[in-house]
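# Examining the three-dimensional arrangement
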Amino acid sequence: NSFVIRTNTCGELRSAHVGQEVTLYGWIQYQRQGLFLVLRDFQGLIQVIIPQDEAHSHVKNLLSNAPVESVVRVTGIVSPRPPGQENPKMPTGDIEVKAETAEILNSCKKLPFEIKDFIKKSETLRMQYRYLDLRSFQLQYNLRLRSRVMMKMREYLCNLHGFVDVETPTLFKRTPGGAKEFLVPSREAGKFYSLPQSPQQFKQLLMVGGLDRYFQVARCYRDEGSRPDRQPEFTQIDIEMSFVDKAGIQRLVEGLLQYSWPEERGSISTPFPSMTYEEALADYGTDKPDTRFGMKIVDIGDFLRRSDIQFVQNALSYPHGTVKAICIPQGVRYLKNKNLESLKESAKSQFNQEIVEIICRPDGSLKSLLTRFLGEKQQSELVQALNMQVDDVVLLAAGEQKQVCSALGSLRLESADLLEAAGLVLRDPAAFHFLWVVDFPLFLPKEENPTELESAHHPFTAPHPSDTSLLYSDPTKVRSQHYDLVLNGNEVGGGSIRIHSAEQQRFVLEKVLKEDSEVLSHLLEALEFGAPPHGGIALGLDRLISLIVDAPSIRDVIAFPKSFRGRDLMGNAPDYVTPEELEPYHIQVSWPLEEKEAKKN
């Protein structure tokens, strides 16, 4: 309570304060029939008894008529609650404050919604009145926990490991590849800044500058349009080190998370398990596996190769053909027919993948379109291969390896959601399963033109030391020194060892990616002046905190987030500006016809 005019906070009062006169400041959370009210501040709640005697009639009138959420000052004596009236659910539930004087500092007008966590509010209303939403216990807790975690991270990096906290520019220039960037006009005709999607180039240049260890709580910007649970501006813990390898970065990050992990969320053990990109796709159908539950993808191609099933034989005849399956535990008991149909429809619509189901009956026999092609011995072997139990449901897919794995990986997660909605607990909400995914390909075919390549991570990622020669002969086969950190099926960090040779960096940009290297001439030149080997990582702070507090959206851990469409509904941004304001930037707005008409009217 230093620097402020209160004697105590509402939430800190306990039985030890009985008999003391206190001055409290806060918001009226609740008021009952002029008898008592509940006062709230950032630290908690306290019950305040409204005096009923004539001598304090002014105080009674003031507090009885003050609207909920008005800001008040109350001075009074801390007293024990009468026997039987204690509230064990409140930390301050053994005491109350008997008000002697009070003052309304600011009255509250009619609220657009109640400030209570259990009251459902529309997302739009919450965004529009974000300053009111921030008064809720959950958002207060989320933002304070975020602050604590960030402070511990700073301690670990700066105080314990000699990192230098450096702020890098927000106005820069376009970076080839990666996400779409926001443009900022300048007063030079036709020239624009870009808001950086990450401080990638700057942190590499700091290594060239000899800083050795850099970190920053960095604001980053991506113009990704309407994407669910993404924000156009977000925060990452940005890290770069010289003379380091993948194992060194991994040990640093594991120590950082262990040191900053909130006590109330238990402890996390290190080292984190590791899995290659190929293993992740084969077993989980995704490069960010949720390892809190089983239901791994099982390859049954070799087993079914001997069968007479036509679509299986067709699939296996292709170069990358495969037959794989997942086993849904207790699927018969927990899933309805419409659930199974929706899973099959999902695979068809999203991945153009047909799915065949196999059900294990109570007597151990199988029910499926496939059983007439399989003898009893083969059916028994299939049950064994998939470790099927009574009432399990198997979803089988045949086709091209990547498509089959992606479809089954998606169905694995959808099935888990359906099972949990029906009451089967698969994923412990209190468990935190970290995982490193390594050995990504350095390049991937472009979706819009598969004959061209793009960086799987970004163009500054170094090739795997064993694959360096392939970079010049067959770049599609090159693995990278890129590593992702996954938590409960969500990517929370990504990094790599960087290219520190100007010649190799130029080759990647010009020959492999067909990019104009002139845009990066400053970086290429810097690499020619004795650039040290270096690498780093960026942790997505918003995503990490949202997983720690089990928030439904990253918007719940950001003080003033944007809406789903990237708008600030509270301040109504982005907004129009006048032609006069645009003039110094040599910009004119070309209005779509319907908007021209609307502005005229």
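Residues numbered from 1 in each chain as written. Predicted model: local features only at pLDDT ≥ 70, side-chain atom pairs only at ≥ 80, totals over all residues. Heavy atoms only, no water.

## Side note on the overall build of the chain
Here is the rule: Numbering goes from the N terminus for both helices and strands, where a helix is a DSSP run of H or I of at least four residues and a strand is a run of E of at least two. A simple rule labels every residue: compare its accessible area, found with a 1.4 Å probe on the protein chains alone, to the largest value its type can have, and call it buried under 20%, exposed over 50%, or partly exposed in between. Contact between two residues is taken to exist if any of their heavy atoms lie within 4.5 Å; hydrogens are not considered.
Counting its regular elements, the chain contains 19 helices and 22 strands. Reported as C-alpha extents along the three principal axes, the dimensions of the chain are approximately 95 × 75 × 65 Å. Scored against the burial criterion, the 601 residues of the chain give a buried share of 47%. A fraction of 67% describes how many contacts in the chain between residues 6 or more apart in sequence connect residues 24 or more apart.

## Remarks on the sheet that holds strand β5 (residues 95-106)
Applied cut-off: Any two strands are treated as partners once DSSP identifies two or more bridges connecting them. The convention used is that axes are lines fitted to C-alpha atoms, helices contributing only their stretch in contact, and that angles between N-to-C directions extend from 0 to 180 degrees.
On the basis of which strands lie adjacent, the closed barrel formed by five strands has the order β1-β2-β3-β5-β4 and mixed pairing. Neighbour to neighbour, the strand axes of the sheet diverge by 55° on average, direction disregarded. Of the strand pairs in this sheet, strand β2 (residues 36-41) and strand β3 (residues 44-49) are connected by six bridges, and their pairing is antiparallel. Considered in β3, the bridge of Leu-37 is made with Val-48.

## What about the packing of helix α4 (residues 137-161) against helix α6 (residues 246-260)?
To keep things clear, this is the line we draw: Each angle receives one of four descriptions, namely roughly parallel if under 35 degrees, roughly antiparallel if over 145, roughly perpendicular if within 65 to 115, and oblique otherwise. Here a crossing is taken to be left-handed if its near helix is turned anticlockwise relative to the far helix by less than a right angle, and right-handed if that turn runs clockwise. Residue classes follow a fixed rule: Ala, Val, Leu, Ile, Met, Phe, Trp, Tyr, Cys and Pro count as nonpolar, while Asp, Glu, Lys and Arg count as charged, and any other residue, Gly among them, counts as polar.
For the pair α4 and α6, interaxial distance at closest approach is 8 Å and the crossing angle is 130°. In terms of axis orientation, α4 runs oblique to α6. Considering only the axes of α4 and α6, their crossing is right-handed. Between α4 and α6, the contacting residues are Val-149, Lys-152, Met-153, Glu-155, Tyr-156, Leu-157 and Leu-160 on the first element and Leu-252, Gly-255, Leu-256, Leu-257, Tyr-259 and Ser-260 on the second. For the contact of α4 with α6, the residue count by class is nine nonpolar, two polar and two charged.

## Focus: the pairing of strand β17 (residues 434-438)
Looking along a regular strand, one sees side chains alternate from face to face of the sheet. The buried fraction of β17 amounts to five of the five residues, a majority that puts the element mostly inside the structure. Both faces of β17 are covered, namely the face carrying Phe-434, Trp-436 and Val-438 and the face carrying Leu-435 and Val-437. Where strand β11 (residues 274-276) and β17 come together, three bridges link them in parallel fashion. In the strand pairing of β17, Met-275 is matched with Val-437. Here β17 runs beside strand β20 (residues 482-487); their pairing, made up of five bridges, is antiparallel. In the sheet register, Val-437 faces β20, and the bridge partner there is Asp-484.

## Quick look at the pattern of salt bridges
The line we're drawing: Salt-bridge detection follows one rule: a side-chain nitrogen of Lys or Arg within 4 Å of a carboxyl oxygen of Asp or Glu.
The tally for this structure, following the rule as stated, stands at 33 salt bridges. One salt bridge connects Lys-203 with Glu-240, and the closest N-O pair in it is separated by 3.7 Å. Here Lys-203, found in helix α5 (residues 200-208), pairs with Glu-240, found in strand β10 (residues 233-242); they are 37 residues apart in sequence, far enough to count as distant. A relative accessible area of 2% means that Lys-203 is categorised as buried. Beyond isolated ion pairs, a larger network of salt bridges with shared partners links Lys-121, Glu-123, Arg-126, Arg-130, Asp-133, Arg-555 and Asp-556.

## Re a nonpolar patch on the surface
The condition is simple: Put simply, a patch holds well-exposed residues, over 30% relative accessible area, that have no salt bridge, with like charges counted together within 9 Å and Val, Leu, Ile, Met, Phe, Trp or Tyr side chains within 5 Å. With residues, only the protein chains shown are counted as cover, and all accessible areas are computed by Shrake-Rupley using a 1.4 Å probe.
On the surface, Tyr-131, Phe-560 and Met-570 cluster together into a nonpolar patch covering about 310 Å² of accessible area. With relative accessibility at 48%, the residue Phe-560 sits in the partly exposed group.

## Section: the packing of aromatic side chains
What counts is decided by this rule: Ring geometry is summarised as follows: Phe, Tyr and Trp rings, the Trp one being its six-membered ring, pair when their centres sit within 6.5 Å, and such pairs are stacked at plane angles under 30 degrees, edge-to-face over 60 and tilted between the two.
Counting across every chain of the model gives twelve aromatic pairs. On the numbers, 4.6 Å between centres and 50° between planes, the contact of Tyr-472 with Phe-507 is tilted. Taken together, the residues span a long stretch of sequence, with Tyr-472 in helix α14 (residues 470-473) and Phe-507 in helix α15 (residues 502-512) at a distance of 35 residues. With a relative accessible area of 46%, Tyr-472 lands in the partly exposed category. Owing to a relative accessible area of 21%, Phe-507 belongs among the partly exposed residues under this scheme.

## Side note on the nonpolar core
When a protein is soluble and globular, its nonpolar side chains tend to lie buried together. Defined as follows: The definition of a nonpolar core used throughout is a set of buried Ala, Val, Leu, Ile, Met, Phe, Trp, Tyr and Cys residues joined through side-chain atoms within 4.5 Å.
Counting residues in each nonpolar core, the largest one holds 41 residues, and the members touching the most others are Leu-157, Ile-237, Ile-239, Leu-257 and Leu-485. In terms of residues, this core owes the most to one element, α4, which gives six residues. With 22 residues, the next largest nonpolar core counts Phe-303, Ile-358, Leu-366 and Leu-382 among its residues.

## Considerations on the pairing of β5
Where β3 lies against β5, two bridges are found, and the strand directions are parallel. Pairing of Ile-49 across the sheet is with Lys-98, part of β5. Bridge count for strand β4 (residues 71-80) against β5 is ten bridges, and the pairing is antiparallel. Looking at the pairing, Ile-77 lines up with Lys-98 of β5.

## Thoughts on the packing of helix α11 (residues 337-351) against helix α13 (residues 401-421)
Contact pair α11 / α13: the axes reach a minimum separation of 10 Å and the direction vectors enclose 145°. In the crossing of α11 with α13, the sense of the turn from one axis to the other is right-handed. Here Asn-339, Leu-343, Ser-346, Ala-347, Gln-350 and Phe-351 of α11 lie close against α13, whose contacting residues are Gln-403, Ser-406, Ala-407, Ser-410, Leu-411, Glu-414, Ser-415 and Leu-418. Across the contact of α11 with α13, the residue classes tally to six nonpolar, seven polar and one charged.

## A look at the sheet that holds strand β14 (residues 356-360)
Pairing is antiparallel in the open sheet, where five strands are placed in the order β12-β13-β16-β14-β15. What marks the edges here is a single partner per strand, and that holds for β12 (298-299) and β15 (366-367). Examined bridge by bridge, strand β13 (residues 321-328) and strand β16 (residues 393-400) share eight bridges and lie antiparallel to one another. Of the residues in β16, the one forming a bridge with Cys-327 is Val-394. Taken strand by strand, α13 contacts β13 and β16, and its axis lies near 10° from that of β13.

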